[in-house]
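# Survey of secondary and tertiary structure
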Amino acid sequence: LLYLFRKRGKSEGTKFTDEESFLEKGYDIVEAEDMDKLNRLRDAIFHKAKEIVDYKGDDAEELFNHFHNYKLQGVQLNEKRMEIMKWCNQNLETGKTVYEIFGNSVTQLIGPDVVTQKNTNLVIQQPGDMNIAATHRDCPLNSHFEITVWLPLVDVYGTKSMYMLNLKKSLASLELLKNTKTGYKDFNKYAIEHGENVTIPYG
(Lines give C-alpha, C1' and ligand atoms only; values in the text may rest on other atoms or scores of the structure.)
Protein backbone atom coordinates (compact mmCIF):
# COMPACT_ATOMS: atom_id res chain seq x y z
CA LEU A 1 0.00 0.00 0.00
CA LEU A 2 1.36 3.42 -0.92
CA TYR A 3 -0.55 6.24 0.68
CA LEU A 4 0.18 9.91 1.10
CA PHE A 5 -1.52 11.47 4.11
CA ARG A 6 -1.34 14.98 5.46
CA LYS A 7 -1.07 16.43 8.91
CA ARG A 8 -0.76 19.82 10.51
CA GLY A 9 2.64 19.61 12.18
CA LYS A 10 3.67 21.31 15.41
CA SER A 11 7.06 22.28 14.00
CA GLU A 12 7.64 25.55 12.21
CA GLY A 13 7.19 25.50 8.46
CA THR A 14 5.78 22.79 6.29
CA LYS A 15 6.51 19.13 6.99
CA PHE A 16 7.21 17.42 3.69
CA THR A 17 7.14 13.67 3.40
CA ASP A 18 9.98 11.52 4.72
CA GLU A 19 11.02 9.26 1.84
CA GLU A 20 12.65 6.65 4.11
CA SER A 21 9.58 6.51 6.34
CA PHE A 22 7.31 6.30 3.29
CA LEU A 23 9.25 3.40 1.80
CA GLU A 24 9.44 1.59 5.14
CA LYS A 25 5.79 2.00 6.14
CA GLY A 26 4.16 2.30 2.73
CA TYR A 27 2.53 5.61 3.65
CA ASP A 28 3.26 8.92 5.33
CA ILE A 29 1.31 11.70 7.06
CA VAL A 30 2.29 15.16 5.86
CA GLU A 31 1.16 18.72 6.35
CA ALA A 32 -0.84 20.63 3.75
CA GLU A 33 1.40 23.20 2.10
CA ASP A 34 -1.44 25.56 1.15
CA MET A 35 -4.19 25.71 3.78
CA ASP A 36 -6.02 28.49 1.94
CA LYS A 37 -6.37 26.29 -1.14
CA LEU A 38 -7.43 23.33 1.00
CA ASN A 39 -10.07 25.44 2.76
CA ARG A 40 -11.42 26.73 -0.56
CA LEU A 41 -11.67 23.18 -1.88
CA ARG A 42 -13.51 22.05 1.24
CA ASP A 43 -15.85 25.07 1.09
CA ALA A 44 -16.77 24.28 -2.51
CA ILE A 45 -17.62 20.68 -1.61
CA PHE A 46 -19.48 21.90 1.47
CA HIS A 47 -21.74 24.22 -0.53
CA LYS A 48 -22.69 21.40 -2.88
CA ALA A 49 -23.30 19.00 0.03
CA LYS A 50 -25.50 21.49 1.93
CA GLU A 51 -27.59 22.01 -1.20
CA ILE A 52 -28.17 18.26 -1.52
CA VAL A 53 -29.30 17.71 2.08
CA ASP A 54 -30.88 21.16 2.57
CA TYR A 55 -28.55 22.19 5.40
CA LYS A 56 -29.21 25.80 6.44
CA GLY A 57 -26.01 26.50 8.39
CA ASP A 58 -22.64 27.86 7.33
CA ASP A 59 -20.28 25.50 9.16
CA ALA A 60 -18.62 22.90 6.92
CA GLU A 61 -17.20 21.01 9.87
CA GLU A 62 -20.61 20.81 11.54
CA LEU A 63 -22.28 19.41 8.41
CA PHE A 64 -19.54 16.90 7.62
CA ASN A 65 -19.23 15.72 11.23
CA HIS A 66 -22.99 15.27 11.62
CA PHE A 67 -23.90 14.10 8.13
CA HIS A 68 -25.08 10.81 9.63
CA ASN A 69 -27.98 12.68 11.31
CA TYR A 70 -29.69 12.77 7.91
CA LYS A 71 -29.99 8.96 8.27
CA LEU A 72 -29.03 8.25 4.68
CA GLN A 73 -28.22 4.58 4.14
CA GLY A 74 -27.51 2.14 1.33
CA VAL A 75 -28.65 3.19 -2.13
CA GLN A 76 -29.90 6.59 -0.95
CA LEU A 77 -26.55 7.48 0.62
CA ASN A 78 -24.66 6.27 -2.43
CA GLU A 79 -26.86 8.38 -4.73
CA LYS A 80 -25.99 11.51 -2.72
CA ARG A 81 -22.31 10.54 -2.68
CA MET A 82 -22.28 10.01 -6.44
CA GLU A 83 -24.07 13.32 -7.03
CA ILE A 84 -21.47 15.24 -5.01
CA MET A 85 -18.62 13.30 -6.61
CA LYS A 86 -19.94 13.89 -10.13
CA TRP A 87 -20.31 17.61 -9.41
CA CYS A 88 -16.75 17.79 -8.04
CA ASN A 89 -15.33 16.05 -11.11
CA GLN A 90 -17.25 18.32 -13.48
CA ASN A 91 -16.74 21.65 -11.71
CA LEU A 92 -13.57 21.45 -9.63
CA GLU A 93 -10.05 20.71 -10.81
CA THR A 94 -9.73 18.42 -7.82
CA GLY A 95 -6.66 16.47 -8.92
CA LYS A 96 -4.77 19.64 -9.85
CA THR A 97 -5.78 21.35 -6.60
CA VAL A 98 -4.78 18.40 -4.42
CA TYR A 99 -1.42 18.30 -6.17
CA GLU A 100 -0.92 22.01 -5.49
CA ILE A 101 -1.78 21.48 -1.82
CA PHE A 102 0.83 18.70 -1.49
CA GLY A 103 3.11 19.48 -4.44
CA ASN A 104 6.49 19.33 -2.71
CA SER A 105 5.69 16.07 -0.93
CA VAL A 106 4.45 14.47 -4.14
CA THR A 107 7.49 15.69 -6.07
CA GLN A 108 9.82 14.25 -3.42
CA LEU A 109 8.21 10.84 -3.87
CA ILE A 110 7.66 10.47 -7.61
CA GLY A 111 9.37 13.41 -9.30
CA PRO A 112 8.11 16.57 -11.04
CA ASP A 113 6.35 14.99 -14.04
CA VAL A 114 2.94 14.32 -12.51
CA VAL A 115 -0.47 13.48 -13.95
CA THR A 116 -3.64 12.80 -11.97
CA GLN A 117 -6.45 10.40 -12.68
CA LYS A 118 -9.48 11.88 -14.42
CA ASN A 119 -11.95 11.44 -11.56
CA THR A 120 -11.65 11.82 -7.81
CA ASN A 121 -13.46 9.43 -5.46
CA LEU A 122 -15.45 10.55 -2.43
CA VAL A 123 -15.96 8.47 0.72
CA ILE A 124 -18.64 9.25 3.31
CA GLN A 125 -17.76 7.37 6.49
CA GLN A 126 -20.73 7.22 8.89
CA PRO A 127 -20.70 5.73 12.41
CA GLY A 128 -22.17 2.26 12.59
CA ASP A 129 -22.56 2.01 8.81
CA MET A 130 -22.67 -1.67 7.82
CA ASN A 131 -22.43 -0.89 4.09
CA ILE A 132 -18.70 -0.27 4.13
CA ALA A 133 -16.24 -1.34 1.49
CA ALA A 134 -14.76 -4.80 1.89
CA THR A 135 -11.13 -5.06 3.00
CA HIS A 136 -9.07 -4.17 -0.06
CA ARG A 137 -5.95 -2.40 -1.26
CA ASP A 138 -6.17 0.98 -2.99
CA CYS A 139 -2.65 1.07 -4.34
CA PRO A 140 -2.96 0.78 -8.14
CA LEU A 141 -1.06 -2.07 -9.77
CA ASN A 142 -0.47 -0.36 -13.10
CA SER A 143 2.58 1.65 -12.04
CA HIS A 144 5.32 1.66 -9.42
CA PHE A 145 5.34 5.45 -9.78
CA GLU A 146 1.80 6.05 -8.55
CA ILE A 147 0.54 7.08 -5.13
CA THR A 148 -2.89 7.43 -3.57
CA VAL A 149 -3.66 10.68 -1.76
CA TRP A 150 -6.33 10.46 0.93
CA LEU A 151 -7.60 13.92 1.92
CA PRO A 152 -9.89 14.03 5.00
CA LEU A 153 -12.16 17.09 5.11
CA VAL A 154 -12.50 16.95 8.93
CA ASP A 155 -10.44 15.62 11.84
CA VAL A 156 -10.40 11.83 11.62
CA TYR A 157 -9.78 9.22 14.31
CA GLY A 158 -10.94 5.74 15.27
CA THR A 159 -13.38 4.14 12.85
CA LYS A 160 -13.91 7.55 11.25
CA SER A 161 -10.44 7.23 9.79
CA MET A 162 -8.73 5.20 7.08
CA TYR A 163 -8.03 1.61 8.10
CA MET A 164 -4.35 0.92 7.45
CA LEU A 165 -1.80 -1.87 7.30
CA ASN A 166 1.82 -0.82 7.04
CA LEU A 167 3.93 -2.13 4.17
CA LYS A 168 5.34 -5.14 6.04
CA LYS A 169 1.90 -6.28 7.21
CA SER A 170 0.39 -5.55 3.78
CA LEU A 171 2.89 -7.92 2.17
CA ALA A 172 2.17 -10.57 4.81
CA SER A 173 -1.58 -10.27 4.25
CA LEU A 174 -1.17 -10.56 0.47
CA GLU A 175 0.65 -13.87 0.93
CA LEU A 176 -2.55 -15.23 2.50
CA LEU A 177 -4.48 -14.51 -0.68
CA LYS A 178 -2.47 -17.13 -2.53
CA ASN A 179 -4.63 -19.81 -0.91
CA THR A 180 -7.52 -20.06 -3.36
CA LYS A 181 -9.89 -21.68 -0.83
CA THR A 182 -9.51 -19.61 2.36
CA GLY A 183 -7.33 -16.75 1.09
CA TYR A 184 -9.71 -13.81 1.35
CA LYS A 185 -11.16 -15.00 4.67
CA ASP A 186 -7.65 -15.28 6.14
CA PHE A 187 -6.64 -11.97 4.56
CA ASN A 188 -9.64 -10.17 6.06
CA LYS A 189 -9.06 -11.69 9.51
CA TYR A 190 -5.39 -10.71 9.43
CA ALA A 191 -6.24 -7.15 8.36
CA ILE A 192 -8.75 -6.73 11.21
CA GLU A 193 -6.28 -8.05 13.78
CA HIS A 194 -3.26 -6.07 12.59
CA GLY A 195 -4.76 -2.94 11.01
CA GLU A 196 -4.73 0.54 12.50
CA ASN A 197 -7.09 3.52 12.27
CA VAL A 198 -4.71 6.44 11.95
CA THR A 199 -5.49 9.77 13.65
CA ILE A 200 -5.21 12.79 11.34
CA PRO A 201 -6.24 16.38 12.18
CA TYR A 202 -7.74 18.43 9.35
CA GLY A 203 -4.98 20.30 7.57
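Each remark here, short or long, concerns the structure printed above.
Reference entry: report on the structure contained in this document. (Residues numbered from 1 in each chain as written. Predicted model: local features only at pLDDT ≥ 70, side-chain atom pairs only at ≥ 80, totals over all residues. Heavy atoms only, no water.)

### Examining the overall build of the chain
Condition: Secondary structure elements are taken from DSSP: a helix is a run of H or I of four residues or more, a strand is a run of E of two residues or more, and numbering for both begins at the N terminus. Atoms counted for the radius of gyration: C-alpha only. Globule rule: 2.2 Å times residue count to the power 0.38. When accessible area is computed with a 1.4 Å probe and restricted to protein chains, residues below 20% of their type maximum are described as buried, those above 50% as exposed, and intermediate ones as partly exposed. Note on contacts: a residue pair qualifies if any of its non-hydrogen atoms lie within 4.5 Å across the two residues. Per-residue and other accessible areas follow the Shrake-Rupley method at a 1.4 Å probe size, with only the shown protein chains counted as cover for residues.
From N to C terminus, the chain includes 8 helices and 5 strands. The order of helices and strands in the chain, counted from the N terminus, is β-α-β-α-α-α-α-α-β-β-α-α-β. In terms of C-alpha radius of gyration, the chain reaches 18 Å, essentially the compact-globule figure of 17 Å for 203 residues. By the burial criterion, 37% of the 203 residues in the chain qualify as buried. Long-range contacts, defined as pairs at least 24 residues apart, comprise 70% of the intrachain contacts of the chain with a sequence gap of at least 6. On the chain, roughly 12,600 Å² of surface is accessible, and the fraction owed to carbon and sulfur atoms is 51%.

### Considerations on a negative patch on the surface
The following threshold applies: Patch rule: a residue counts if its relative accessible area is over 30% and it has no salt bridge; like charges are joined within 9 Å, and nonpolar side chains (Val, Leu, Ile, Met, Phe, Trp, Tyr) within 5 Å. Any Lys or Arg side-chain nitrogen found within 4 Å of a carboxyl oxygen on Asp or Glu counts as a salt bridge. Positive charges come from Lys and Arg, negative ones from Asp and Glu, while His and the chain ends are left out of the count. Note on charges: their place is set at NZ of Lys, CZ of Arg, CG of Asp or CD of Glu.
There is a patch of like negative charges on the surface, built from Asp18, Glu19, Glu20 and Glu24. You can see Asp18 is positioned in the loop between strand E1 (3-6) and helix H1 (19-25).

### Describing helix H8 (residues 183-194)
In an α-helix, one turn spans 3.6 residues, which is why side chains three or four residues apart end up on the same side. The cut-off we apply is this: Here, expected helix span is obtained from the residue count minus one, scaled by 1.5 Å. Arc, as used here, means the arc of the directions from the helix axis to the C-beta atoms.
Here H8 is 12 residues long and its end C-alpha atoms lie 16 Å apart, about the 16 Å a rise of 1.5 Å per residue gives. Taken residue by residue, H8 has Gly183, Phe187, Tyr190 and Ala191 as its buried positions. Across the axial projection of H8, the buried residues extend over an arc of 100°, all falling on one side. Exposed and facing more than 90 degrees away from the buried side of H8 are Lys185, Lys189, Ile192 and Glu193.

None of the figures reported here should be taken as evidence of function without further support.
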